[in-house]
Amino acid sequence: MDENERQSEERGWATAKTLAEALPYIQVYDRKTVVIKYGGHAMGETAVAKQFAADVVLLKLMGVNPVVVHGGGPQISAMLDKAGVKSAFVDGLRVTDRDTMQIAEMVLSGAVNKEIAHWITMAGKEADVRGIGLSGKDAGLLTVEKTQRTQRDPDSMIEHEVDLGFVGEPTRVDAKLLTRLIESDADWVPVIAPIGVAEDGQTFNVNADTVAGALAGALKAKRMLLLTDVAGVKGTDGQIIRQMTVAEASQLIDDGIATGGMIPKLQTAIAAIRDGVEAVVILDGRRPHAMLVELFTETGAGTLVKA
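Remember, predicted model here, so these are calculated numbers, not experimental data. (Residues numbered from 1 in each chain as written. Predicted model: local features only at pLDDT ≥ 70, side-chain atom pairs only at ≥ 80, totals over all residues. Heavy atoms only, no water.)

A. Quick peek at the pairing of strand E9 (residues 167-173). With five bridges joining them, strand E6 (residues 142-146) and E9 adopt antiparallel strand pairing. Looking at the pairing, Val144 lines up with Pro170 of E9. In this structure, E9 lies alongside strand E12 (residues 203-206), joined through two bridges in parallel fashion. Along E12, the bridge assignment pairs Gly168 with Val206. (Pairing = 2+ DSSP bridges. Helix = DSSP H or I, 4+ residues; strand = E, 2+ residues; numbered from the N terminus.)

Here is the structure:
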């Protein structure tokens, strides 16, 4: 046996050992729903997107019911720049006028949504696992109301209302369609664009983290995975906190330890857990197989938030 054959055999035994060690965790998630928020800059990298799709297919074939909710901020910004439309943000939310709303829906429900669903279908074609692209407008999935925000003037310290335009907050989730897809004999993987509709029929852009939390709560998901551009939540020592309670997460926000984009992610995690999700994990979606490490190994990946 030459060196290459020996190394190949060792890799085979190592793979078998890994699969055997994953058995208890595979059983924990058998036929359980896992909502995955997929976003960040990794979405724009084809190789990373294909790897994400392959991992989603593997989850489905291992008995997990994945539901993907995606963002698309960088893609929307690029299209707005091409169209010459100016864009502003308030507390991380894009101010969305009528022109911006049309472009956001075109990008999110169109190009981004269909590409992710397509990559899942391609990755799962041998086993007939298929991604199916949807938005919150389909089948009355997501009803929203206009988001209300206030800002404090730094000079007068007086709070005033800020009009974010067509930015919405979920008020009702009708998960019938998703439940049918999950329970179907066919291997469907729903891929949801964060677009919702108000009671009067007006379309709204919705923060993807918020949509993922609302869907996870409605589906009583076993886990919600927030794939982002950081390794997890850091403590005062700069180290990743591996596990925390809802109360501890709230304290991190109140004490100013959690800052910037981590605040809405923790707020989403807290809300989802209060709505019935068992636990939420904030992890680095840029790392290959991060979801598999989190779900099927003892160490996990990222920061787990639970009740």
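B. Spatial organisation of the side chain of Arg94. Looking at the secondary structure, you find Arg94 in strand E4 (residues 93-94). One buried charged residue, Arg94, forms no salt bridge at all, with the nearest opposite charge on Asp81 at 7.5 Å. At 3.1 Å, the side chain of Arg94 and the side chain of Ser77 are in polar contact. Setting aside chain neighbours within four positions, we find Arg94 in contact with Gly73, Ile76, Ser77, Leu80, Ser87, Ala88, Phe89, Thr100, Leu164 and Val167. (Buried < 20%, exposed > 50% of the residue type's maximum accessible area, 1.4 Å probe, protein only. Lys, Arg positive; Asp, Glu negative; His and termini not counted. Salt bridge = Lys/Arg side-chain N within 4 Å of Asp/Glu carboxyl O. Polar contact = N/O pair within 3.5 Å; in protein donor to acceptor, adjacent residues only side chain to side chain. Contact = heavy atoms within 4.5 Å.)

C. Just the packing of aromatic side chains, in detail. Inspection of every chain in the model, using the stated rule, returns three aromatic pairs. An angle of 85° between the planes, with centres 6.3 Å apart, marks the rings of Tyr29 and Phe296 as edge-to-face. Taken as a pair, Tyr29 in the loop between helix H1 (3-28) and strand E1 (33-38) and Phe296 in helix H9 (residues 290-296) lie far apart in primary sequence, 267 residues in all. Neither residue differs from the other here; Tyr29 and Phe296 are each classed as buried. Consider the rings of Tyr38 and Phe52, whose centres lie 3.8 Å apart with planes at 5°: the pair is stacked. Linking Tyr38 in strand E1 with Phe52 in helix H2 (residues 46-61), this pair joins segments that are 14 residues apart in sequence. For the pair shown, Tyr38 and Phe52 are each scored as buried. (Phe/Tyr/Trp six-rings, centres within 6.5 Å; stacked < 30°, edge-to-face > 60°.)

D. Structural context of the packing of helix H7 (residues 246-254) against helix H8 (residues 262-274). Between H7 and H8, whose axes approach to 10 Å, the crossing angle comes to 155°. On the basis of the axis angle, H7 is roughly antiparallel to H8. Crossing hand, H7 versus H8: left-handed. Contacts between H7 and H8 involve Val246, Ala249, Ser250 and Ile253 from the first element and Ile263, Leu266, Gln267, Ile270, Ile273 and Arg274 from the second. (Axes fitted to C-alpha atoms, helices over the stretch in contact; angles between N-to-C directions. Parallel < 35°, antiparallel > 145°, perpendicular 65-115°, else oblique. Left-handed = near helix turned anticlockwise from the far one by under 90°.)

E. Geometry of the environment of Ala54. Along the chain, the position of Ala54 falls in helix H2. Between the C-alpha atom of Ala54 and that of Lys222, which follows or precedes it by 168 residues, the distance is 21 Å.

F. The arrangement of the pattern of salt bridges in detail. One pass over the full model with this rule turns up 13 salt bridges. Of the charged contacts, one joins Arg6 and Glu10 as a salt bridge, the two residues approaching to 2.3 Å between their closest N and O atoms. Residue Arg6 and its partner Glu10 are located together in helix H1, separated by four residues, close to a single helical turn. For Arg6, a relative accessible area of 33% puts it in the partly exposed group. By sharing partners, the salt bridges in this structure join Lys37, Asp209 and Lys265 into a single network.

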